[in-house]
Amino acid sequence: MTKRISAALLGAGILLSSAHVLAHSHSHGKPLTEAEQKASAGVFDDNDVKDRTLSDWDGMWQSVNPYLLNGDLDPVMAKKAQKDGTKTVAQYKAYYQKGYATDIDTIGIENNTIEFHTGKTINTCHYAYSGFKILNYTSGKKGVRYLFECKDSQSKAPKYVQFSDHIIGPRRSEHFHIYMGNDSQQSLLKEMDNWPTFYEYSLSSKQIVHEMLEH
């Protein structure tokens, strides 16, 4: 699928004044330590979880949902089915269709501000950090969500936002799952079925498939 940068995206986004947002070069940064590798797999000590700033997610991000729906991610689904053995490719695809589902095309983050792009509609808010929550899953693994809140009552952007990217301390994110809502952080923490997922805007579908197959 070829990505097109819409006129609305170029003209209305405050984030796009920064050239690095669109020309952001993909980089893995410093290699993960053994502890970070274990944390990415959901194994870590609670005491090792550290606060993070919204700048860890700075940049322009694209939803992977369209790639799932158009079949680009089929090799990823096939590998998961082969490796796991408890679900078929079709079952995995159905699982991720529910997980990735979102009407948000792209997300831009800079200077503690998040822009949500849905078609030609852009909703923006400045977000304040609300700490993190450690979740214990039935599988025995753990996860961390980093919580942020929009304080502007006039904004149409989600009031509550949570990021989960398999990282438990300060480090630039390479992809993330995001949870969004207007009720409360507590109600969002109960959401386990829908986790819209975003990768760097500069990546092609083939590059995203490569990233997913390697991790």
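Right above here is the structure, for reference.
Residues numbered from 1 in each chain as written. Predicted model: local features only at pLDDT ≥ 70, side-chain atom pairs only at ≥ 80, totals over all residues. Heavy atoms only, no water.

Chemist: In this structure, what is going on with the pattern of salt bridges? I would like to understand it.
Modeler: One side chain can pair with another of opposite charge once the charged atoms of both are near each other. Within the structure shown, the criterion is met by nine salt bridges. Between Lys38 and Glu34 there is a salt bridge, and its shortest N-O distance comes to 3.8 Å. Highlighted residues: Lys38 and Glu34, both in helix 3 (residues 34–40), separated by four residues, approximately one helical turn. By relative accessible area, Glu34 is classed as exposed at 58%. Beyond isolated ion pairs, a larger network of salt bridges with shared partners links Arg52, Asp56 and Asp165. (Salt bridge = Lys/Arg side-chain N within 4 Å of Asp/Glu carboxyl O. Helix = DSSP H or I, 4+ residues; strand = E, 2+ residues; numbered from the N terminus. Buried < 20%, exposed > 50% of the residue type's maximum accessible area, 1.4 Å probe, protein only.)

Chemist: What is the right way to read the pairing of strand 6 (residues 160–164) from this model?
Modeler: The side chains of a regular strand alternate, residue by residue, between the two faces of the sheet. Across the five residues of strand 6, five count as buried, placing the element largely inside the fold. Both faces of strand 6 are covered, namely the face carrying Tyr160, Gln162 and Ser164 and the face carrying Val161 and Phe163. Here strand 6 pairs with strand 7 (residues 175–181) via five bridges, running antiparallel. Counterpart to Val161 in the pairing with strand 7 is Met180. (Pairing = 2+ DSSP bridges.)

Chemist: Quick question: what am I supposed to make of helix 6 (residues 89–100) here?
Modeler: Since the α-helix turns once every 3.6 residues, residues separated by three or four places project in the same direction. In this model, helix 6 (twelve residues) spans 16 Å end to end at C-alpha, consistent with the 16 Å of a helix rising 1.5 Å per residue. When we look at burial in helix 6, the residues that qualify are Tyr92, Tyr96, Gly99 and Tyr100. The buried residues of helix 6 occupy one face: seen down the axis, they fall within an arc of 80°. More than 90 degrees from the buried face of helix 6, the exposed residues found are Ala90 and Lys98. Residues of helix 6 that are buried make contact with helix 4 (65–69), helix 5 (74–84), strand 8 (197–200) and helix 8 (205–214). (Expected span 1.5 Å × (residues − 1). Arc of directions from axis to C-beta. Contact = heavy atoms within 4.5 Å.)

Chemist: It is not clear to me how the sheet that holds strand 5 (residues 142–150) should be interpreted in this structure. Could you clarify?
Modeler: The strands making up a sheet associate through hydrogen bonds between their backbones, and the pairing can be parallel or antiparallel. The strand order 1-2-3-4-5-6-7-8 describes a closed barrel built from eight strands, whose pairing is antiparallel. When the angles between neighbouring strand axes are averaged without regard to direction, this sheet yields 35°. With three bridges joining them, strand 1 (residues 59–63) and strand 8 adopt antiparallel strand pairing. Bridged to Ser63 within strand 8 is Phe198. (Axes fitted to C-alpha atoms, helices over the stretch in contact; angles between N-to-C directions.)

Chemist: Help me understand helix 5, please; the structure alone is not making it clear to me.
Modeler: All buried positions along helix 5 are accounted for by Val76, Met77 and Ala81. An end-on view of helix 5 places all buried positions within 135° of arc, on one side of the element. Exposed side chains of helix 5 directed beyond 90 degrees from the buried face belong to Gln82 and Lys83. Next to the buried residues of helix 5 lie helix 4, helix 6 and helix 8. Looking one or two residues beyond helix 5, the residue adopting positive phi is Gly85, at roughly 85°.

Chemist: Would you mind going over the state of the cysteines with me for this structure?
Modeler: Two cysteines form a disulfide when their sulfur atoms are joined by a covalent bond. Within the structure shown, the criterion is met by one disulfide. Covalently, Cys125 is tied to Cys150 through a disulfide, its sulfur atoms 2.0 Å apart. Where Cys125 bonds to Cys150 through sulfur, the torsion about that S-S bond is close to 80°, and the disulfide is right-handed. With Cys125 in strand 4 (residues 121–136) and Cys150 in strand 5, the pair connects residues that are 25 residues apart, well separated along the chain. Note on accessibility: Cys125 and Cys150 belong to one class, buried. (Disulfide = S-S within 2.5 Å.)

Chemist: Just to check I follow, could you spell out the pairing of strand 4 for this structure?
Modeler: Pairing analysis gives six bridges linking strand 3 (residues 113–118) to strand 4, with the strands arranged antiparallel. If you follow Ile114 over to strand 4, its bridge partner there is Cys125. Hairpin connection from strand 3 to strand 4: two residues lie between these consecutive antiparallel strands, with Gly119 at a positive phi of about 60°. For strand 4 and strand 5, the ladder comprises eight bridges, and the chain directions are antiparallel. Among the inter-strand pairings, Tyr129 is bridged to a residue of strand 5, identified as Phe148.

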